[in-house]
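Chain and residue survey
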Amino acid sequence: MHVRKNDQVMVITGKDKNTKGKITVAFPKTGKVIVEGVNMVTRHQKARNAMQPGGIVKKEAAIDASNVMLICPKCGKPARRETDTMPQWAGSSWYFLRYIDPHNDKEFAAKDKLKYWMPVDWYNGGMEHVTRHLIYSRFWYKFLYDLGEVPVPEPYAKRTAQGLILGPDGDKMSKSKGNVVDPCEVVEQYGADVLRTYVLFMGDYEKAAPWSETGVRGCKRFIDRVWGMLDILTDGDSYSPELESAMHKVVKKVSSDIENMKYNTAIAAMMSLVNDIYAKGSVNRAELKTFITLLNPFAPHITEEMWQVMGLDGMLNQTEWPTYDESKCVDNEIEIAVQINGKVRDRLVISADADSDEVIAAAKSLDKIAEAVSGMQIIKELYVKGRLVNIVVKPQ
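Overview of the structure. (Residues numbered from 1 in each chain as written. Predicted model: local features only at pLDDT ≥ 70, side-chain atom pairs only at ≥ 80, totals over all residues. Heavy atoms only, no water.)

1. A short note on the environment of Leu 97
Locating Leu 97 in the fold gives a position in helix 4 (residues 95-98). Separated by 44 residues in sequence, Leu 97 and Tyr 141 place their C-alpha atoms 9.2 Å apart. Once residues within four sequence positions are removed from consideration, Leu 97 is found in contact with Phe 108, Ala 109, Leu 114, Met 118, Tyr 141, Leu 144 and Val 150. (Helix = DSSP H or I, 4+ residues; strand = E, 2+ residues; numbered from the N terminus. Contact = heavy atoms within 4.5 Å.)

Structure below.
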């Protein structure tokens with residue numbers, strides 16, 4: 001490569017490895033970039049220059065040659081105009097607006113369609129991408145809003161970003177560090193449902209979390225236990241009395257957690273229900289149908305298979321989402337703490353609708369509490385409904 005300068009221009013001359021031809025790149029003081037030579041458009045440049053607005057790729061022959069091939073105003077030799085002058089982020093700053101009306105050849109989108117679709121309801125993606133793209137796309141959008149080209153002041157109504165999955169060592173995955181986990185290998189060893197379930201179970205959706213093989217194996221055991229419920233399946237078109245409250249609670253919990261992107265706690269609730277089912281020793285068809293419907297967004301393959309094994313109609317992913325009865329989400333009995341001077345001394349199981357006098361009397365009848373208040377002066381007795389009893393005492 002050869003570089004030479006003068007008062008007007010800096011010229012770099014070299015060989016293009018793709019075309020084997022001589023290339024001269026001139027940087028005049030005018031600020032324009034001029035490239036000259038024979039057959040000097042590389043394959044990469046051809047691909048970029050052939051991309052027309054609207055995302056339609058055309059052959060290079062379709063480009064107006066008179067606007068690209070010209071004579072250098074400085075040296076008088078044949079030159080090629082630089083066409084790649086717009087950064088790639090420019091297109092991604094407004095593409096979501098073009099999606100609204102992609103075939104409009106008069107404007108980037110019709111006003112009535114913009115008014116109908118904007119703002120974007122929910123913008124979700126990786127933390128690094130969402131943060132950067134939000135900055136420059138919002139900047140462009142605010143500019144368009146100031147011009148009166150878009151109907152609402154903000155482009156996105158809601159923004160979320162999933163946390164980064166770190167390597168097993170707690171660092172960001174990197175080939176150079178050797179801590180990259182290949183999801184294809186996980187699928188091959190454990191299955192796609194285990195991978196999906198673990199990724200959503202490993203932590204809060206918007207927080208980073210390290211990869212754990214122990215956690216993957218734990219989700220594998222959970223999926224195996226779910227399949228194993230087919231072996232303890234019994235008839236029944238309604239929830240059994242033993243599981244009725246637990247079923248309504250888990251439907252409420254999973255439904256709410258999915259809407260709020262708390263996937264890890266939704267899965268934890270289903271794991272707890274599986275424990276209750278195995279403790280009971282059986283699950284009826286109504287209960288298992290509801291359960292696999294709740295699990296389907298997380299583990300679609302095994303739940304669809306179970307749906308077919310049970311002989312249910314259609315496909316699981318097209319069935320209605322389960323509903324719950326709020327009144328059946330309330331426990332008939334609850335466990336509360338019993339305190340002496342603010343310190344927990346025992347626990348008590350009571351009826352959920354028991355009144356204060358009944359609960360305090362039951363608390364004072366516990367052996368540990370009776371011993372603690374013996375010979376003491378009771379100053380105050382307090383029942384916090386559904387939570388605790390606190391008895392304040394002092395020596396007589």
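Here the narrative resumes.
2. Considering the pairing of strand 18 (residues 388-395)
Where strand 15 (residues 333-340) and strand 18 come together, 4 bridges link them in parallel fashion. Bridged to Ala 337 within strand 18 is Leu 388. Across 8 bridges, strand 17 (residues 376-384) lies against strand 18 in antiparallel orientation. Within strand 18, the position partnered with Met 376 by the bridge is Pro 395. The antiparallel pairing of strand 17 with strand 18 creates a hairpin that spans 3 residues between the two strands, and Gly 386 there sits at a positive phi of about 75°. (Pairing = 2+ DSSP bridges.)

3. Comments concerning the nonpolar core
Core analysis: the biggest nonpolar cluster contains 50 residues, and Phe 222, Met 229, Met 270 and Phe 291 have the highest contact counts within it. Of all elements in the fold, only helix 7 (183-190), helix 8 (192-201), helix 9 (213-228), helix 10 (244-259), helix 11 (263-280), helix 12 (285-295) and helix 13 (300-309) reach the threshold of two or more residues within this core. Top contributing element to this core by residue count: helix 11, with 9 residues. Among all residues touching Phe 291, those that are not within four sequence positions of it are Phe 222, Val 226, Met 229, Met 247, Met 270, Leu 273 and Val 274. By size, the runner-up hydrophobic cluster in this structure holds 18 residues, among which are Val 338, Ile 350, Leu 366 and Ile 391. (Core = buried A, V, L, I, M, F, W, Y, C linked by side-chain atoms within 4.5 Å. Buried < 20%, exposed > 50% of the residue type's maximum accessible area, 1.4 Å probe, protein only.)

4. A short note on the environment of Glu 213
Mapped onto the secondary structure, Glu 213 falls in helix 9. For Glu 213, a relative accessible area of 35% corresponds to the partly exposed category. Between the alpha carbons of Glu 213 and Pro 168 there is a distance of 8.0 Å; along the sequence they are 45 residues apart.

5. Looking at helix 11
For helix 11, spanning 18 residues, the distance from its first C-alpha to its last is 26 Å, which sits close to the expected 26 Å at 1.5 Å a residue. Among the residues of helix 11, Tyr 263, Asn 264, Ala 266, Ile 267, Ala 269, Met 270, Met 271, Leu 273, Val 274 and Ile 277 are the ones counted as buried. Each element contacted by the buried residues of helix 11 is listed here: helix 8, helix 9, helix 10, strand 14 (283-284) and helix 12. (Expected span 1.5 Å × (residues − 1).)

6. Regarding a negative patch on the surface
Taken together, the side chains of Asp 353, Asp 355, Asp 357 and Glu 358 define an acidic patch exposed on the protein surface. Within the secondary structure, Asp 353 is located in the loop between strand 16 (343-351) and helix 14 (356-364). (Patch = residues over 30% accessible without salt bridge, like charges linked within 9 Å, V, L, I, M, F, W, Y side chains within 5 Å. Areas by Shrake-Rupley, 256 points an atom, 1.4 Å probe, with all protein chains shown as cover. Salt bridge = Lys/Arg side-chain N within 4 Å of Asp/Glu carboxyl O. Lys, Arg positive; Asp, Glu negative; His and termini not counted. Charge placed at Lys NZ, Arg CZ, Asp CG, Glu CD.)

7. Observations concerning the pattern of salt bridges
Tallied over the full model, the rule gives 12 salt bridges. With a shortest N-O distance of 3.2 Å, Asp 101 and Lys 113 are connected by a salt bridge. Here Asp 101 is found in the loop between helix 4 and helix 5 (111-117), whereas its partner Lys 113 is found in helix 5, with 12 residues between them in sequence. Linking Lys 252 and Glu 326 is a salt bridge whose minimum nitrogen-to-oxygen distance equals 2.8 Å. Here Lys 252 is found in helix 10, whereas its partner Glu 326 is found in the loop between helix 13 and strand 15, with 74 residues between them in sequence. A relative accessible area of 40% places Glu 326 in the partly exposed class. The structure contains a network of salt bridges with shared partners spanning Glu 107, Lys 111 and Glu 149.

8. Topic: the packing of helix 9 against helix 13
The contact between helix 9 and helix 13 brings their axes to 11 Å, and the two run at 10°. Regarding the angle of helix 9 to helix 13, the classification is roughly parallel. Contacts from Ile 223, Val 226 and Trp 227 of helix 9 reach helix 13 at Ile 302, Glu 305, Met 306 and Val 309. Among the residues forming the contact of helix 9 with helix 13, the class breakdown is 6 nonpolar, no polar and 1 charged. (Axes fitted to C-alpha atoms, helices over the stretch in contact; angles between N-to-C directions. Parallel < 35°, antiparallel > 145°, perpendicular 65-115°, else oblique. Nonpolar A, V, L, I, M, F, W, Y, C, P; charged D, E, K, R; others polar.)

9. Quick notes on the pairing of strand 9 (residues 123-126)
In terms of strand pairing, strand 9 meets strand 10 (residues 159-162) through 4 bridges, oriented parallel. Within strand 10, the residue paired with Asn 124 across the bridge is Thr 160. As for the winding sense of the linkage, the β-α-β connection from strand 9 through helix 6 (residues 127-146) to strand 10 is right-handed. (Right-handed = clockwise from strand over helix to strand, strands pointing away.)

Just geometry here; none of it tells us what the structure is for.
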